[in-house]
Every structure is written in structure tokens, then in C-alpha cells.
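Examination of the molecular architecture
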Amino acid sequence: MRPYAVTGGRTAPRVKLAMEALVSSATAEQREFSHITPEYQAISQLCRHVRSVAEVSALLHIPLGVARVLIADMAAEGLVRVHQPQLDAGRPDVNLLERVLSGLRRL
């Protein structure tokens, strides 16, 4: 399926979402998924373990822009929690960068 079809033609998320932002599932494991899209289901299952937006994109083989749009939409619906990086004087947290690098190496 074309990426623009998955996102309803949108190319940017409704809220700014950093690629290193961490995402965790906010749904119970037994929750009924019949009313959400397969993409939402995949992201929700994948984010049972905290993942960065970049990891979600890579593991699901979807473009980063599409992952950002979907994750932002899911956050608005309460399906996932997004933990944006806190910048200190414009610099990212070193611990966060190390976790992202570790996750990317596992790929």
C-alpha cells in the first residue's frame, strides 16, 4: 500500500515528533484490535517494549515520515505514549542517544 494511503494523504504529523522520541504502548495486551488499522496494531504490539520512532520505522519497513504521522495519530487517540527528548540548551540527553544507538545496533 502506498504511504500516502496509510496516512490519509498527510505527510507531516499534527504535532512535532522527533525521530529519537521514545514510544510505548498504552493499550492492554488483551485489548480488542478489531476497530484499529493493521498499521496501528503492528505499532502497538511493537511498542510493548519502548522503541524510538526511528526503530518503529525501521522494524516495520515504513518510511520515517509515515511512522511519525501514525504514531502522532495514535498518541492523540491514547493508543501509545510518546516521550519526547528533553533538550538541555539545545543539546540532546546523552543517555537517550546511547539508548537509541543501542537499539539501532540491535537492528
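Residues numbered from 1 in each chain as written. Predicted model: local features only at pLDDT ≥ 70, side-chain atom pairs only at ≥ 80, totals over all residues. Heavy atoms only, no water.

A word on the sheet that holds strand β3 (residues 80-83). On the basis of which strands lie adjacent, the open sheet formed by 3 strands has the order β2-β1-β3 and antiparallel pairing. On the outer flanks of this sheet lie β2 (51-52) and β3, each paired with one strand and no other. Taken together, the 4 bridges between strand β1 (residues 22-25) and β3 define a ladder with antiparallel strand orientation. Each bridged residue has a counterpart across the sheet, and for Val23 the counterpart in β3 is Val82. (Pairing = 2+ DSSP bridges. Helix = DSSP H or I, 4+ residues; strand = E, 2+ residues; numbered from the N terminus.)

Moving on to the pattern of salt bridges. Evaluated as defined, the whole model comprises 1 salt bridge. Ionic pairing is found between Arg106 and Glu55, a salt bridge with its closest N-O pair at 3.8 Å. Highlighted residues: Arg106 in helix α5 (residues 94-106) and Glu55 in helix α3 (residues 53-60), separated in sequence by 51 residues. Residue classification places Arg106 among the exposed positions, given a relative accessible area of 60%. The class for Glu55 is buried, based on a relative accessible area of 4%. (Salt bridge = Lys/Arg side-chain N within 4 Å of Asp/Glu carboxyl O. Buried < 20%, exposed > 50% of the residue type's maximum accessible area, 1.4 Å probe, protein only.)

Following the sequence through the fold, Ala58 ends up in helix α3. With relative accessibility at 35%, the residue Ala58 sits in the partly exposed group. Put simply, Ala58 and Leu107 are 49 residues apart on the chain and 8.1 Å apart in space, counted from C-alpha to C-alpha.

Without other data, these values stay purely geometric and don't point to any function.
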